[in-house]
Each structure stands twice: as C-alpha cells, then as structure tokens.
Amino acid sequence: MAEKRNIFLVGPMGAGKSTIGRHLAQMLHLEFHDSDQEIESRTGADIAWVFDVEGEEGFRIRETQVVADLTEKQGIVLATGGGSIQSKEIRNNLSARGIVVYLETTIDKQVARTQRDKRRPLLQVEDPREVLENLAATRNPLYEEIADVIVKTDEQSAKVVANQIIEQL
Ligand code: SKM
C-alpha cells in the first residue's frame, strides 16, 4: 500500500494551527493530533503546570519526544507548538516525515487570539505584544526555512485556509 502522507502545521501562537488542523484533517480524512494537547494528556496536567514545575526546559524535552513519536505515524495532520521549530531535532523530524505548512499571521491577530489562554505561559506578562514580537524575530526565519507551503491566516476563516492548503499540496 502506498505510504500515507502527513501534514505538519507550524507557526506562532495564535496562528490558528489547531482550528485549521482540525478542518484539514476532516477534509482529507486524516487523523488530527496537537502536540500541546498530547503533552497535556501524557502528563495529565496543563501546559502552564508543566512550565511551572519543570520549567521551559522540561517542557521542550517533552515536546521533542511527543513530536518524535507523533511524526512516526502516517496519515496525520499535526498542529505543533509555536516554539517547537527552535529545536533542530524537531525541524529534522518534520522535514523528513511530511509536508510542512507554515501558517503566517500578524502580531495583532496573535495578540487578539491568545488573550486569556492558559496554554501560553510565555504570554502571562504585562506586555505580551513585546514577547510575540521578539519571538517572531527569532522564529519567523525558521518557520520560513522549513516550510513547503506558506499560507496567511489573518483574513480568512479556518475552513477557507484549510482549502487553500489543500490546493497547494
Ligand atoms: O507549546 C505551547 C507553549 O505555550 C509554548 C509556545 C511557544 O513557545 O510559542 C507555544 C504553545 O503552543
């Protein structure tokens, strides 16, 4: 049987990876996975707890393991955590095992979409916009470097974006 393809969504917090990923998986009859959610189900705790107790370093170790395990599967759509691409090991696994789609968005949209979100401990600060801008400066080149497909998510509904991705696969 031919190998089933994988689609890996990368991009910053608030780009819509989980929502768009669900639509995409449904449209393509693939399994949907979300690395943040998988970390939460493996630890039985939320992302904020993992950061509190194990620090960002502990969280990144878990994230690397989860992405290594999930990318072993075939026929999945995976929404990755916003910072996952800072790991070379994760970038290598994503590039080797599927089509990487970068969901690009604006800082304004990110700020609006991530307000009061418990899965974003890095944004529990006075000025989340500044954090998002700094992260973008480091990470946007990495998203671009590993992307096979780049789609903007700031002006379209999740369903429309999912269709645009399908057209470019
Ligand atoms: O993976 C979570 C976590 O809050 C860290 C993060 C990041 O570094 O951008 C994004 C979220 O998806």
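A brief structural summary. (Residues numbered from 1 in each chain as written. Predicted model: local features only at pLDDT ≥ 70, side-chain atom pairs only at ≥ 80, totals over all residues. Heavy atoms only, no water.)

## So, the packing of helix 1 (residues 17-28) against helix 7 (residues 158-168)
Here helix 1 crosses helix 7 at 55°, and the two axes come no closer than 9 Å. In this view, helix 1 runs oblique relative to helix 7, as classed from their interaxial angle. The handedness of the crossing between helix 1 and helix 7 comes out as right-handed. Contact residues: Thr19, Ile20, His23, Leu24, Met27 and Leu28 in helix 1; Ala158, Lys159, Val161, Ala162, Asn163, Ile165 and Ile166 in helix 7. Its residues assigned to classes, the contact of helix 1 with helix 7 comprises nine nonpolar, three polar and one charged. (Axes fitted to C-alpha atoms, helices over the stretch in contact; angles between N-to-C directions. Helix = DSSP H or I, 4+ residues; strand = E, 2+ residues; numbered from the N terminus. Parallel < 35°, antiparallel > 145°, perpendicular 65-115°, else oblique. Left-handed = near helix turned anticlockwise from the far one by under 90°. Contact = heavy atoms within 4.5 Å. Nonpolar A, V, L, I, M, F, W, Y, C, P; charged D, E, K, R; others polar.)

## Concerning the pairing of strand 1 (residues 7-10)
Along strand 1, one buried face is formed by Ile7 and Leu9 and the opposite face, lined by Phe8 and Val10, is buried too. As judged from the three bridges shared by strand 1 and strand 3 (residues 76-79), these two strands associate in the parallel manner. Bridge pairing links Ile7 to Val77 in strand 3. Relative to strand 4 (residues 99-104), strand 1 runs parallel, the two sharing four bridges. Residue pairing across strands places Phe8 opposite Val100, the latter belonging to strand 4. (Buried < 20%, exposed > 50% of the residue type's maximum accessible area, 1.4 Å probe, protein only. Pairing = 2+ DSSP bridges.)

## Brief notes about the environment of Arg139
Looking at where Arg139 falls in the secondary structure, it is placed in helix 6 (residues 128-146). In sequence terms Arg139 and Gly82 are 57 residues apart; their C-alpha atoms lie 8.9 Å from each other. Here the side chain of Arg139 touches Gln86 through a polar contact of 2.7 Å, side chain to side chain. (Polar contact = N/O pair within 3.5 Å; in protein donor to acceptor, adjacent residues only side chain to side chain.)

## Topic: the environment of Ser157
Turning to its location among the elements, Ser157 is positioned in the loop between strand 5 (149-152) and helix 7. Spatially, the C-alpha atoms of Ser157 and Ile90 are 28 Å apart, while their sequence positions differ by 67 residues.

## Comments concerning the packing of aromatic side chains
Taken as a whole and assessed by the stated rule, the structure comprises two aromatic pairs. With 4.8 Å between their ring centres and 40° between their planes, Phe51 and Phe59 make a pair best called tilted. Assessed through its relative accessible area of 14%, Phe51 is described here as buried. (Phe/Tyr/Trp six-rings, centres within 6.5 Å; stacked < 30°, edge-to-face > 60°.)

## Regarding a negative patch on the surface
On the surface, Glu126, Asp127, Glu130 and Glu133 cluster together to form a negatively charged patch. Structurally, Asp127 can be placed in the loop between helix 5 (107-114) and helix 6. (Patch = residues over 30% accessible without salt bridge, like charges linked within 9 Å, V, L, I, M, F, W, Y side chains within 5 Å. Areas by Shrake-Rupley, 256 points an atom, 1.4 Å probe, with all protein chains shown as cover. Salt bridge = Lys/Arg side-chain N within 4 Å of Asp/Glu carboxyl O. Lys, Arg positive; Asp, Glu negative; His and termini not counted. Charge placed at Lys NZ, Arg CZ, Asp CG, Glu CD.)

## Observations concerning the side chain of Asn6
Along the chain, Asn6 falls in the segment before strand 1. Judged by its relative accessible area of 4%, Asn6 is buried. There is a polar contact of 2.9 Å between the side chain of Asn6 and the backbone oxygen of Lys73. One polar contact links the side chain of Asn6 to the main-chain carbonyl oxygen of Arg97, over a distance of 3.1 Å.

## A closer look at the packing of helix 2 (residues 35-43) against helix 3 (residues 47-70)
The axes of two packed helices give the description: the angle between them and the distance between them. With their axes 9 Å apart at the nearest point, helix 2 and helix 3 run at an angle of 115° to one another. For the element pair helix 2 / helix 3, the angle class is roughly perpendicular. Of the two possible hands of crossing, helix 2 and helix 3 adopt the one that is right-handed. Facing helix 2, whose interface residues are Ser35, Asp36, Glu38, Ile39, Glu40, Arg42 and Thr43, helix 3 presents Ile47, Val50, Phe59, Arg62, Glu63, Gln65, Val66, Val67, Asp69 and Leu70. Residues of the contact of helix 2 with helix 3, tallied by class, amount to seven nonpolar, three polar and seven charged.

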